[in-house]
Amino acid sequence: MKRIGVLTGGGDCPGLNAVIRAVTKAAINEYGLEVLGFQDGFKGLVTNNYVNLNLKSVSGIGHTGGTILGSSNRDDPFRFLTMVDGKQTYTDQSDRAIENLRNLDIDALIVIGGDGSLHIAQKFYNKGVNVVAVPKTIDNDLGATDVTFGFNTAVDTASEAIDRLHTTAESHHRVMILEVMGRYAGWISLHAGISGGADVILIPEIPYRLECVIQKIQQRYEQDKKFSIIVIAEGAVEKGGEMVIQRMDHTSHDPIRLGGIGNKLAQDIENASNIETRVTVLGHLQRGGSPIPYDRIISSRYGVAAVHAVMAGKFGSMVSLTGSNIITVPILEAIKELRKVDPEGEMVGTARALGMSFGDCL
């Protein structure tokens, strides 16, 4: 084992640079390896666009947001946008990517990504590439790991937003809705809602009823609490309804772009109750900025563990936090199904015990 590659795929996420730094330092300091970083995710693998990573190039990046390698959530080598006979079409460029790896004498590839990127990583492993994965997503929805890096920074950002909304909501006696990311899982909404002391937490795993949301707001009015805070996940669904889709992006692994449920709920509340309601969509603020200390540490642990997994020949695996330990699990286990909030779980039970509603009149 002399040379390894690393890439960051999918959406950006706090902690990516900390992983790149850890991979590079561990590979060089412990094993004397060379490290190449492919730029813009899997696109760099196809176009052979890479940089040499060394101790100097990764110095001082552990606390920074984003990724020095760039990323992409739409360049899948197995379905790559290509110009054929003057027309754009999708072709399988995976063999081209593998040939680039071979020409560069890369012995193993570390893929840092979420569900979409890890599906691609598994396909490359099936074709004989020595792959080790690192779990990245603010959504915290990857299976076979207790937590993905970036999630806790996103929760921190959302919690701070709730703190700020409290003061304006109380001043104007309004209902304030905060729409957060998470796709089809409610982890950010749930954790931020508990942390920020929200009155209503709406998540995809528990379909809400409008009348139950209004009931909670009115109960607070009767208790002389003339404001309410609602945290709603972008994938939350009204009972009997459908997810609100902002747009479709067919160039991406997951073409559905969620967004707009917060505005829908606000309009529904005002129409049904005449209660003044305002919406804040946190959006990509959850992805940006420096990672909090927890994510810097877990990212560093993941990066070092990924290099150890490479040297141990544990290919086709993902480094995973289980309890307090970092272990390796098959990538297939991580992508088998999305990790979602258990409606009967301890976290939901804690929120209910604190008097928080999930819009289900329980």
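Scroll up for the structure.
Residues numbered from 1 in each chain as written. Predicted model: local features only at pLDDT ≥ 70, side-chain atom pairs only at ≥ 80, totals over all residues. Heavy atoms only, no water.

### So, the overall build of the protein chain
Logical step 1: Of the regular secondary structure elements, the protein chain holds 11 helices and 15 strands.
Logical step 2: In terms of C-alpha radius of gyration, the protein chain reaches 22 Å, essentially the compact-globule figure of 21 Å for 362 residues.
Logical step 3: Taken over the C-alpha atoms alone, the protein chain extends approximately 70 × 50 × 35 Å along its principal axes.
Logical step 4: Sorting the 362 residues of the protein chain into buried and exposed places 54% on the buried side.
Logical step 5: Of the contacts formed within the protein chain by residues at least 6 apart in sequence, a portion of 73% connects residues at least 24 apart.
Logical step 6: Just so you have it, the protein chain exposes about 15,300 Å², and 47% of that area is on carbon and sulfur atoms. (Helix = DSSP H or I, 4+ residues; strand = E, 2+ residues; numbered from the N terminus. Rg over C-alpha atoms; globule rule 2.2 N^0.38 Å. Buried < 20%, exposed > 50% of the residue type's maximum accessible area, 1.4 Å probe, protein only. Contact = heavy atoms within 4.5 Å. Areas by Shrake-Rupley, 256 points an atom, 1.4 Å probe, with all protein chains shown as cover.)

### Focus on the environment of Arg174
Logical step 1: Mapped onto the secondary structure, Arg174 falls in the loop between helix H5 (151–172) and strand S8 (175–180).
Logical step 2: In this structure the C-alpha to C-alpha distance between Arg174 and Gly289, which are 115 residues apart in sequence, comes to 29 Å.

### Comments concerning the pattern of salt bridges
Logical step 1: Evaluation of the coordinates by the stated rule reveals 15 salt bridges.
Logical step 2: Asp95 is paired through a salt bridge with Lys127; the nearest N and O atoms lie 2.6 Å apart. Of the two residues, Asp95 sits in helix H3 (residues 94–103) while Lys127 sits in the loop between helix H4 (115–126) and strand S7 (131–135), which places them 32 residues apart along the sequence.
Logical step 3: A relative accessible area of 51% means that Asp95 is categorised as exposed. (Salt bridge = Lys/Arg side-chain N within 4 Å of Asp/Glu carboxyl O.)

### Overview of the environment of Cys13
Logical step 1: Within the secondary structure layout, Cys13 lies in the loop between strand S1 (3–8) and helix H1 (16–31).
Logical step 2: The exposure class assigned to Cys13 is buried, which follows from its relative accessible area of 0%.
Logical step 3: For Cys13 and Ala121, which are 108 residues apart along the polypeptide, the C-alpha to C-alpha distance reads 18 Å.
Logical step 4: Each residue touching Cys13, except ones within four places of it in the same chain, is listed here: Gly66, Lys136, Thr137, Ile138, Phe149, Gly150 and Arg287.

### Examining the packing of helix H7 (residues 210–222) against helix H8 (residues 261–273)
Think of two packed helices as two axes; the pair is described by the angle between the axes and how far apart they sit.
Logical step 1: Contact geometry of H7 with H8 gives a least axis separation of 10 Å together with a crossing angle of 70°. Between H7 and H8, the angle is such that the two are roughly perpendicular. On the side of H7, the interface is formed by Leu210, Val213, Ile214 and Ile217, while H8 contributes Leu265, Asp268, Ile269, Ala272 and Ser273.
Logical step 2: Class assignment for the residues of the contact of H7 with H8 results in 7 nonpolar, 1 polar and 1 charged. (Axes fitted to C-alpha atoms, helices over the stretch in contact; angles between N-to-C directions. Parallel < 35°, antiparallel > 145°, perpendicular 65-115°, else oblique. Nonpolar A, V, L, I, M, F, W, Y, C, P; charged D, E, K, R; others polar.)

### Observations regarding the nonpolar core
Logical step 1: Counting residues in each nonpolar core, the largest one holds 62 residues, and the members touching the most others are Ile4, Ile110, Ile112, Val134 and Phe149.
Logical step 2: Sort the elements by how many residues they give to this core and H5 lands first, with 8 residues.
Logical step 3: Among the nonpolar cores identified, the runner-up in size contains 28 residues, and Leu7, Ile106, Val329 and Ile331 belong to it. (Core = buried A, V, L, I, M, F, W, Y, C linked by side-chain atoms within 4.5 Å.)

### Some points on the sheet that holds S1
Logical step 1: The mixed open sheet is built from 7 strands, whose spatial order is S3-S2-S1-S6-S7-S14-S15. A strand with exactly one partner marks an edge of an open sheet, and here the two such strands are strand S3 (50–53) and strand S15 (325–330). On average, each strand axis in the sheet is inclined to that of its neighbour by 30°, with strand direction left out of account.
Logical step 2: Judged from the 2 bridges that link them, S7 and strand S14 (residues 317–322) form a sheet pairing that is parallel. In the sheet register, Val132 faces S14, and the bridge partner there is Ser317.
Logical step 3: Set on the sheet, H4 makes contact with strand S6 (108–113), S7 and S14; between it and S7 the angle comes to about 170°.
Logical step 4: Of the strands in this sheet, S1, S6, S7, S14 and S15 are in contact with helix H9 (residues 293–311), which crosses S14 at around 140°. (Pairing = 2+ DSSP bridges.)

### Observations concerning H8
Logical step 1: Here H8 contains 13 residues, and its C-alpha end-to-end distance of 18 Å stays within 8% of the 18 Å for a straight helix at 1.5 Å per residue.
Logical step 2: On its buried face, H8 sits against S8, strand S9 (200–202), H7, strand S10 (228–233) and strand S13 (277–281).
Logical step 3: Asn274 occupies a position one or two residues after H8 and carries a positive phi of about 65°. (Expected span 1.5 Å × (residues − 1).)

### Considering H9
Logical step 1: Across its 19 residues, H9 extends 28 Å between first and last C-alpha, which sits within 8% of the 27 Å expected from 1.5 Å per residue.
Logical step 2: Listed as buried for H9 are Asp295, Ile298, Ser299, Tyr302, Gly303, Ala305, Ala306, Val307, Ala309 and Val310.
Logical step 3: Where H9 ends, the next residue or the one after it, Gly313, has phi of about 75°, a positive value.

### Considerations on the environment of Ala154
Logical step 1: Within the fold, Ala154 resides in helix H5.
Logical step 2: As for Ala154 and His191, which are separated by 37 residues in sequence, their C-alpha atoms are 10.0 Å apart.
Logical step 3: Each residue touching Ala154, except ones within four places of it in the same chain, is listed here: Ile138, Ile188 and Gln286.

### Section: the side chain of Asn100
Logical step 1: Relative to the assigned elements, Asn100 resides in helix H3.
Logical step 2: There is a polar contact of 3.1 Å between the side chain of Asn100 and the backbone oxygen of Val46.
Logical step 3: Setting aside residues no more than four positions away along its own chain, Asn100 makes contact with Leu45, Val46, Thr47 and Asn48. (Polar contact = N/O pair within 3.5 Å; in protein donor to acceptor, adjacent residues only side chain to side chain.)

### A word on the side chain of Asn140
Logical step 1: Tracing the chain through its elements places Asn140 in the loop between S7 and H5.
Logical step 2: Taking relative accessible area as the criterion, Asn140 reaches 3% and is therefore assigned buried.
Logical step 3: Setting aside residues no more than four positions away along its own chain, Asn140 makes contact with Asp146, Val147, Thr148, Phe151, Trp187 and Arg339.

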